[in-house]
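Summary of structural features
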Amino acid sequence: MINPVSYWRLKDRYFNLVGTKCKKCGAEWFPPMRVCRKCGSQEMLDHQMPHKGKLLAHTLMKETSEEFKASSPYVLGLVELENGQRLLAQIVDVDATGLQDGIEVRLTLRKMAEDSKKGTIYYGFKFTPLP
Amino acid sequence: MKPNSSVGILGYGAYVPIFRLPTSEVGRVWRGEGAGPNKEKAVAHHDEDTFTMACEMARRAVRMAGVTKLGAVLVGTESKPYVVKPTSTILAQALGQHFALAADLEFACKAGTEAMQFNIALVASGMIQAGLAAGVDTAQGRPGDELEYTAASGGAAFVIGRGEEALALFERSTSYVSDTGDFWRRPGEKFPSHLGRFTGEPAYFHHIETCVRAHLEEVGHKPSDYRWAVFHQPNPRFPVEVGLKLGFKMEQMEPGLLNTMIGNTYAGSSLMGLAATLDVAEPGDRILMASFGSGAGSDAFTLIVTDKIVEKRKLGVPVRDMIDRSVKVDYAVYSRFRGKLYE
Amino acid sequence: MSKVFIASAGLTPVGEHWRKSLLDLMVEASLSAMNQAPELIPDRVIVGNMFSAVGSNQEQLGAYLANQLNLIGVPAYKVEAACGSGGAAIHNGYLAIRAGESEAVLVCGVEKMKDIDVGKVTAALAMADSAEYTQFAGATFVSLNALTHALYMKKYGVSKEDMAGFPVLGHRNAALSKHAMFKKPITVEDVLRSPIISDPIRLMDSSPVCDGAAALLLVSEEGAKRMDGPLVEIAASEVAANIFTFYERPDPLDYLATRAASKRALEKAGYKLSQMDFMETHDAFSITGALALETLGVCKPGEAPHDVSAGRFNLDGELPLNTFGGLKGRGHPVGATGVYQVAEAYMQIAGRAEKNQVRGAKVGLTHNMGGVDTTTSVHILRREA
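Residues numbered from 1 in each chain as written. Chains lettered and ligands numbered in written order. Predicted model: local features only at pLDDT ≥ 70, side-chain atom pairs only at ≥ 80, totals over all residues. Heavy atoms only, no water.

1. With respect to the overall build of chain A
- In terms of helices and strands, chain A carries two helices and eight strands.
- Along chain A, helices and strands appear, N-terminal first, in the series α-α-β-β-β-β-β-β-β-β.
- Across the 131 residues that make up chain A, the buried fraction comes to 53%.
- By sequence separation, contacts in chain A at least 24 residues apart represent 48% of the contacts at least 6 residues apart.
- Positive and negative side-chain charges in chain A, numbering 20 and 15 respectively, have mean positions lying 4 Å apart. (Helix = DSSP H or I, 4+ residues; strand = E, 2+ residues; numbered from the N terminus. Buried < 20%, exposed > 50% of the residue type's maximum accessible area, 1.4 Å probe, protein only. Contact = heavy atoms within 4.5 Å. Lys, Arg positive; Asp, Glu negative; His and termini not counted. Charge placed at Lys NZ, Arg CZ, Asp CG, Glu CD.)

Okay, structure coming up:
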């Protein structure tokens, strides 16, 4: 279960897909790597990933964790960004039945969950095929 | 109000959610028949709110403007996700802006044009180079109330900056206010209250007419000097009525009239009308925009479109395209989306 | 370095144990194992478990169990590796004996999943994967496997009917077993008619939420001298960790940890896979069962579901698989599963598998995964020569 402090630390990662980039070999990583998986360098810089990608696979989720029940059912997608890094994100503005893999999708910020009606609202990245 | 130096719009972006509730659904559920004055209204999905929509429109505006720094991020809305905690700082974070003046503005449906007014002043004074003004709402109507036909979600954002780079310049603006309590919400109340037909002549019409007439005199123009006119649109009829009354013609207002398809996006309403008008405007066109906010007041602006609009516009998403991409929902799904099923 | 033997195994039936707590289950399985080998007194207690904190507000399970067994002053601790906790716990006990640091180790795997509501269980299981990215995106553990399943179907074009062969096999074997959760066989139609949880995974493609505990008494060569009867040796115990999330892997379908652990295990024990008399693989979902078989090299890529449906892995088939029902039929009390698998392999080799007996079983392999092949252990058991 996410908490407000952890969420605050992760803002730029969630709002702008800021991962890390290896100073030595240029490889980009999201989720962020502290040590470059390609060349082993420990000199990593924060770096924004492309906000566009391709849908590799998706699943319509009928059963979800408690925090996400309010949004259920939803489509969870495996997205490959333009730089080859992959991530999981809900796919919005689509009808699950007609959804084709391979389509271009882009980042959009949406509400992920909230800590009750009087708690913190957690925003994060989802992906949409709309321009 | 005339800015001391040249100020204009560097970029703009609108956003409307894809879901539409036909007003016949509201009629069906509450009256067994009938529909609202508008055909459909735009409804935000459960995971959308004023911030998420503001983010979409602001990112579009910033992309069109091509700026990397914003000296101000001002969000005008009456449906803030947090009553205490600014939406503008969440938006500023999402836009990567930290050294900026961020504030949430409130004045019912005129909060967006207020954000525009302040940005014009900040740029004109040289205090900032460019700033963002957004007017956005996830308007809620009390279930069963007539405002439920029209209360909708959406809005538009504008990057305001120096005239040399603008796609449209601000010639002048005017503001007119009075304490007219036509529509309000007390703390702790979930939905607003209003005085029915009183929201017409003494509120909407009086403030827009008074403001625009004064504005036209200050700026020294007649309605026929304008190519386009945009008015706040709480329903399909009011903006046309006030426009005609002020001496404008139907063709001037056409591109900005969106209420029939998406309803009233409150603080987003006149700004969306402006965005839709800019989507078709040509260099040299003069545009009048007049907003109205309950409580009450009106902001009027005269803008002149420059030749930069042709190329800049290509970087955006036309408002009409966005409106056409729609998915109908019924009253039950709408209720779930808008959280009306749980207290 | 001492050889490692299994002196005894104890297990509770897998099911909904409303009247038994986490502790009750652990003690029951442990005493069952210990009572079968009273000549041994454990000098180390290791508990394998995934989410006792969420499920029972309880940690420090090593001392918690040791205390009830009156084993005071001995090393006692919990080992966790998500659904691979059981295998990792056994590995830890194995290492202690190999190194000569212990003579008799009690390894107990336990999970109490039914005290909390399903939404909380779902959230707890998701903790096997990244909190900041996977969980935050709204993924559940099932959805991760659903995506893998979708990628697999896309790559190989396997039919839904063939994929359903895994749960059908599991239930058929489970129906013969005293400790399995499910006692009724099911058909392919039953599987395909069951509700979708995360498309394309259906209810009957997934192992159940359940309670259970299994325990092993591991013994060194020295300690084994005091025992009668043929012994079952742990010929190899290997664990491997993969890149953490499946979507960070160059090939999302590559079970690198399974491959690494099984390769090392077979090499160290001196066997070829074809010499296995039976196998217990991690069929939490039909897709994990398929990828496990293909990674182990038992099936060609894309052909495991067809091989299962064709009967190759039936109890009386070419290579009996998941002989007591596997995760799908026997059940999957997550942290305990790895220990159930080795306990079942022990029963096969010791000739105590009753209706589930594989005739002449002398050597077998168990495969236990934490997460999506994130922490995988492979054990090879054989009859003492």
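2. Topic: the overall build of chain C
- Helix and strand counts for chain C stand at 16 helices and 11 strands.
- Taken over C-alpha atoms, the radius of gyration comes to 19 Å for chain C, in line with the 21 Å a tight globule of 385 residues would show.
- A principal-axis box enclosing the C-alpha atoms of chain C has dimensions of 55 × 45 × 40 Å.
- Taking the intrachain contacts of chain C between residues at least 6 apart in sequence as the baseline, contacts between residues at least 24 apart amount to 77%.
- Accessible area of chain C: about 13400 Å², with a carbon and sulfur share of 52%.
- Put simply, chain C has 36 plus and 42 minus side-chain charges, and the middle of one group is 3 Å from the middle of the other. (Rg over C-alpha atoms; globule rule 2.2 N^0.38 Å. Areas by Shrake-Rupley, 256 points an atom, 1.4 Å probe, with all protein chains shown as cover.)

3. Here we look at the interface of chain A and chain C
- Counting from both sides, the interface comprises 37 residues of chain A and, opposite them, 34 residues of chain C.
- Carbon and sulfur atoms supply 62% of the area that chain A and chain C bury against each other, a total of about 2900 Å² over both sides.
- Between A:Glu66 and C:Lys120 there is a salt bridge, with its nearest N and O atoms 4.0 Å apart.
- Applying the counting criterion to the chain A and chain C interface returns 13 residue pairs in polar contact (both at pLDDT 80 or more).
- Among the secondary structure elements, those contributing two or more residues to the side of chain A that touches chain C are helix H1 (4–9), helix H2 (11–16), strand S4 (52–61), strand S5 (74–81), strand S6 (86–91) and strand S8 (121–128) of chain A.
- In terms of residue count, S4(A) provides more of the side of chain A that touches chain C than any other element does, six residues in total.
- Within the side of chain A that touches chain C, the residues separate by chemical class into 22 nonpolar, seven polar and eight charged. (Buried area = accessible area lost by both parts, 1.4 Å probe. Salt bridge = Lys/Arg side-chain N within 4 Å of Asp/Glu carboxyl O. Polar contact = N/O pair within 3.5 Å; in protein donor to acceptor, adjacent residues only side chain to side chain. Nonpolar A, V, L, I, M, F, W, Y, C, P; charged D, E, K, R; others polar.)

4. Considering unusual backbone geometry
- With omega at 0 degrees, the peptide bond leading from A:Ser72 into A:Pro73 counts as cis.
- Here B:Gly295 and B:Ala296 are connected by a cis peptide whose omega angle stands at -5 degrees.
- Inspection of the secondary structure assignment puts B:Ala296 in the loop between strand S12 (286–290) and strand S13 (297–305).
- Phi angles above zero are rare outside glycine, and A:Leu17 is one such case at about 55 degrees.
- Positionally, A:Leu17 belongs in the loop between H2 and strand S1 (18–22).

5. Observations regarding the packing of helix H4 (residues 111–124) of chain B against helix H9 (residues 269–278) of chain B
Residue and element names in this part refer to chain B.
- Packing of H4 against H9 leaves a shortest axis separation of 6 Å and a crossing angle of 70 degrees. Taken together, the axes of H4 and H9 lie roughly perpendicular to each other. In this structure, H4 uses Gly112, Thr113 and Met116 to contact H9, whose residues at the interface are Ser270, Leu271 and Leu274. (Axes fitted to C-alpha atoms, helices over the stretch in contact; angles between N-to-C directions. Parallel < 35°, antiparallel > 145°, perpendicular 65-115°, else oblique.)

6. Considering the confidence of the model for chain C
- Looking at chain C as a whole, its pLDDT mean stands at 96, while 100% of the residues score no less than 70.
- Per the prediction output, this complex has pTM 0.94; the corresponding ipTM is 0.96. (pLDDT = per-residue confidence, 0-100.)

7. Some thoughts on the state of the cysteines
All names here are of chain C.
- Scanning the model with the defined rule gives zero disulfides over all chains in all.
- Not engaged in a disulfide, the cysteine Cys83 finds its nearest cysteine sulfur in Cys210; these two sulfurs lie 12 Å apart.
- With relative accessibility at 0%, the residue Cys210 sits in the buried group. (Disulfide = S-S within 2.5 Å.)

8. Quick word on the sheet that holds strand S3 (residues 40–43) of chain B
Residues and elements named next belong to chain B.
- Read from one edge of the open sheet, three strands run S3-S2-S14, paired in mixed fashion. Looking at strand neighbours, the two that pair on one side only are S3 and strand S14 (327–328), the edges of this open sheet.
- The sheet contact formed by strand S2 (residues 19–22) and S3 spans four bridges and is antiparallel. Bridged to Leu21 within S3 is Lys41.
- Strands in contact with helix H1 (residues 23–31) are S2 and S3; relative to S2, the strand with the most contacts, it is inclined by about 45 degrees. (Pairing = 2+ DSSP bridges.)

9. What about the environment of B:Thr52?
- Mapped onto the fold, B:Thr52 is located in helix H2 (residues 50–65).
- The sequence separation of B:Thr52 and B:Gly34 amounts to 18 residues, and the corresponding C-alpha distance is 33 Å.
- Dropping the residues within four chain positions of it, B:Thr52 is found in contact with A:Leu109, A:Arg110, A:Lys111, A:Tyr123 and B:Asp47.
- Among the polar contacts made by the side chain of B:Thr52, one reaches the main-chain amide nitrogen of B:Asp49 at a distance of 2.9 Å.

10. A few points about helix H12 (residues 256–269) of chain C
Residues and elements named next belong to chain C.
- The end-to-end C-alpha separation of H12 is 20 Å, in line with the 20 Å expected for 14 residues at 1.5 Å each.
- Where H12 is concerned, the buried positions are Ala257, Thr258, Ala261, Ser262, Ala265, Leu266 and Ala269. Here the buried residues of H12 occupy an arc of 145 degrees about the axis, which is enough to place them on one side. Exposed residues on H12 whose side chains face more than 90 degrees from its buried face are Lys263, Glu267 and Lys268.
- Looking at the buried residues of H12, the elements they touch are strand S8 (232–241), helix H13 (286–296), strand S10 (363–370) and strand S11 (375–383).
- Where H12 terminates, the next one or two residues include Gly270, which has phi positive at roughly 80 degrees. (Expected span 1.5 Å × (residues − 1). Arc of directions from axis to C-beta.)

11. Re the pairing of strand S1 (residues 4–11) of chain C
All names here are of chain C.
- Extensive coverage of S1 is indicated by the burial of seven of its eight residues.
- Summarising the sheet, S1 and strand S7 (residues 211–220) pair through seven bridges and their orientation is antiparallel. Paired with Ala9 across the bridge in S7 is Leu216.

12. With respect to the nonpolar core
- Membership of the largest hydrophobic core comes to 128 residues, with the highest contact counts inside it found for A:Phe127, B:Leu132 and C:Ile380.
- Each of two domains, domain 1 (5–117 + 209–231) and domain 2 (118–208 + 235–384) of chain C, supplies a minimum of three residues to this core.
- Beyond its immediate chain neighbours, meaning those up to four positions away, C:Ile380 contacts C:Glu233, C:Ile234, C:Ala235, C:Ala236, C:Ala265, C:Leu266, C:Ala269, C:Tyr271, C:Met276, C:Val363, C:Gly364 and C:Leu365. (Core = buried A, V, L, I, M, F, W, Y, C linked by side-chain atoms within 4.5 Å. Domains from an automatic or database assignment.)

13. Regarding the packing of helix H1 (residues 22–36) of chain C against helix H3 (residues 61–68) of chain C
Residue and element names in this part refer to chain C.
- Where H1 contacts H3, the axes come no closer than 10 Å and their chain directions differ by 60 degrees. Considering their axes alone, H1 and H3 lie oblique with respect to each other. Crossing handedness for the pair H1 and H3: right-handed. Note on element contacts: H3 touches H1 through Leu61, Tyr64, Leu65 and Gln68, opposite Leu22, Leu23, Met26, Val27 and Ser30.
- Looking at side-chain class alone, the contact of H1 with H3 contains seven nonpolar, two polar and no charged residues. (Left-handed = near helix turned anticlockwise from the far one by under 90°.)

14. A short note on the side chain of C:Thr148
All names here are of chain C.
- Topologically, Thr148 is positioned in helix H7 (residues 141–156).
- Among the polar contacts listed, one links the side chain of Thr148 to the backbone oxygen of Leu144, at a separation of 2.6 Å.
- Every residue in contact with Thr148, bar those within four places of it in the chain, is listed here: Phe246, Pro252, Leu253, Ile287 and Leu291.

15. Remarks on the interface of chain B and chain A
- In this assembly, 21 residues from chain B lie in contact with 25 residues from chain A.
- Interface of chain B and chain A: buried area, both sides summed, is about 1900 Å²; carbon and sulfur atoms make up 49% of it.
- Residue B:Glu48 is joined to A:Arg110 by a salt bridge in which the shortest nitrogen-to-oxygen separation is 3.7 Å.
- For the pair chain B and chain A, the number of links is 14 residue pairs in polar contact (both at pLDDT 80 or more).

16. Some remarks on the pattern of salt bridges
- The tally for this structure, following the rule as stated, stands at 47 salt bridges over all chains.
- Here C:Asp254 ties to C:Arg259 by a salt bridge, and the two come within 2.7 Å at their closest N and O atoms.
- Overlapping salt bridges bring together A:Asp93, A:Arg110, A:Lys126, B:Asp47 and B:Glu48 as one network.

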